[in-house]
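The primary structure of each chain is shown beneath.
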Amino acid sequence: MEDKFRFSAKDIALIGAMIAVIEVCKAVLSFMPNVELTTFWLIMFTLYFGRKVIAVVPAFILVEGIIYGMNTWWIMYLYIWPLLVLLTWLFRKEDSALFWAIFSGIFGLCFGALCSITYFFIGFSSGGIAAGFNTAFPWWIAGIMWDMIHCVGNFILMLFLYKPIRNVMKRF
């Protein structure tokens, strides 16, 4: 295995700390539906800790499944959070709070549509393409108001937290 894919003890401790930060923030904000810092932290960790986030995402998803149980939402996490990290990596040279606020807001707005992919396959498995759409589309539409809250929450949190957290993370 190449050295660039090995993690030192310090890296492993940092990965554990990143997961802990995400989980603590989720618990603290759990009283506010669809307002979360997971998107914020995964973006920031991708921007500042690079390849280490590759270990954070699957470990975070596994911890979520252990804490809350594994169901259809957990399957969604298997592709939604890696997608966020990949998209962040593609735009990693951006250093604008407004850019990342818009980016995370759009991600929040699209969250329900991304989740509905799982329901498409559930419907598809029992009745083909039409059943897939008939399962996924109403599920997505029913949650659009929650996606709007997710969008606004992500936008505001990123807009106000990006610069102060970026300044702290630059010290690492």
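Structure: above.
Residues numbered from 1 in each chain as written. Predicted model: local features only at pLDDT ≥ 70, side-chain atom pairs only at ≥ 80, totals over all residues. Heavy atoms only, no water.

### Some thoughts on the side chain of Arg-166
Convention followed: Note on conventions: DSSP H or I runs of at least 4 residues are helices, E runs of at least 2 residues are strands, and numbering of each starts at the N terminus. Residues adjacent in sequence count toward polar contacts only when both atoms are side-chain atoms; beyond that, a polar contact is any pair of N or O atoms within 3.5 Å, and within protein one must be able to donate a hydrogen and the other to accept it.
Within the secondary structure, Arg-166 sits in helix α6 (residues 144-170). There is a polar contact of 3.2 Å between the side chain of Arg-166 and the side chain of Asp-95.

### Brief notes about the packing of helix α2 (residues 38-49) against α6
Helices that pack against each other are described as a pair by the angle of their axes relative to one another and the distance between those axes. The test is simple: Think of each axis as a best-fit line through the C-alpha atoms, taken over the contacting stretch in the case of a helix, with angles from 0 to 180 degrees between the N-to-C directions. Left-handed describes a crossing in which the near helix is turned anticlockwise from the far one by less than a right angle; the clockwise case is right-handed. Here a residue-residue contact requires only that any non-hydrogen atoms of the pair lie within 4.5 Å.
Running from N to C, α2 and α6 cross one another at 35°; their axes reach a closest spacing of 9 Å. Note on packing geometry: the crossing formed by α2 with α6 is right-handed. Residues Thr-39, Phe-40, Trp-41, Ile-43, Met-44, Phe-45, Leu-47, Tyr-48 and Phe-49 of α2 pack against His-150, Asn-154, Leu-157, Met-158, Leu-161, Tyr-162, Ile-165, Arg-166, Met-169 and Lys-170 of α6.

### Observations regarding α2
Note the threshold: Helix span is expected to be 1.5 Å times the residue number reduced by one. Burial classes follow relative accessibility: with a 1.4 Å probe on protein chains only, a residue under 20% of its type's maximum area counts as buried, one over 50% as exposed, and anything between as partly exposed.
Relative to the 16 Å expected for 12 residues at 1.5 Å per residue, α2 spans 15 Å between its end C-alpha atoms, a close match to the ideal helical length. Most of α2 is tucked away, with 11 of its 12 residues classed as buried. Taken together, the buried positions of α2 are Thr-38, Thr-39, Phe-40, Trp-41, Leu-42, Ile-43, Met-44, Phe-45, Thr-46, Leu-47 and Phe-49. Among the structural elements, α1 (9-28), α3 (53-68), α4 (72-90), α5 (97-142) and α6 are those in contact with the buried residues of α2.

### A few points about the packing of α3 against α4
Note the threshold: Should an angle fall under 35 degrees it is called roughly parallel, over 145 degrees roughly antiparallel, and 65 to 115 degrees roughly perpendicular, with every other angle called oblique. Throughout, the ten residues Ala, Val, Leu, Ile, Met, Phe, Trp, Tyr, Cys and Pro are labelled nonpolar, Asp, Glu, Lys and Arg are labelled charged, and all others, Gly among them, are labelled polar.
Running from N to C, α3 and α4 cross one another at 160°; their axes reach a closest spacing of 10 Å. Considering their axes alone, α3 and α4 lie roughly antiparallel with respect to each other. In the packing of α3 onto α4, the handedness of the crossing is right-handed. On α4, the residues that touch Val-53, Val-57, Phe-60, Ile-61, Leu-62, Glu-64, Gly-65 and Tyr-68 of α3 are Trp-73, Trp-74, Tyr-77, Leu-78, Trp-81, Pro-82 and Val-85. Per-class residue counts for the contact of α3 with α4 are 13 nonpolar, one polar and one charged.

### Some details on α6
To be explicit about the condition: Fitting axes to the seven residues ending at a residue and to the seven starting there, one defines the bend at that residue as the angle between these axes.
Its 27 residues give α6 an end-to-end C-alpha distance of 36 Å, which sits within 8% of 39 Å, the value for a rise of 1.5 Å per residue. Of all the bends in α6, the largest measures some 45° and sits at Tyr-162, one to four residues before the proline Pro-164. Listed as buried for α6 are Asp-147, His-150, Gly-153, Asn-154, Met-158, Tyr-162, Arg-166 and Met-169. For α6, the elements touching its buried residues are α2 and α5.

### Comments concerning the environment of Ile-106
Looking at where Ile-106 falls in the secondary structure, it is placed in helix α5. The spatial distance from the C-alpha of Ile-106 to the C-alpha of Cys-151 is 6.2 Å, given a sequence separation of 45 residues.

### Here's the deal with the nonpolar core
Here is the rule: The term nonpolar core refers to a set of buried residues drawn from Ala, Val, Leu, Ile, Met, Phe, Trp, Tyr and Cys, joined through side-chain atoms within 4.5 Å.
The biggest cluster of nonpolar side chains holds 41 residues, and the ones touching the most others in it are Trp-41, Leu-42, Phe-45, Val-56, Ile-80, Trp-81 and Met-158. Where this core is concerned, the elements lending two or more residues are α1, α2, α3, α4, α5 and α6. Per-element tally for this core: the top contributor is α5, with 11 residues. The contact partners of Trp-81, leaving out residues within four places of it in the chain, are Glu-36, Thr-38, Thr-39, Leu-42, Val-57, Phe-60, Ile-61, Phe-107 and Phe-111.

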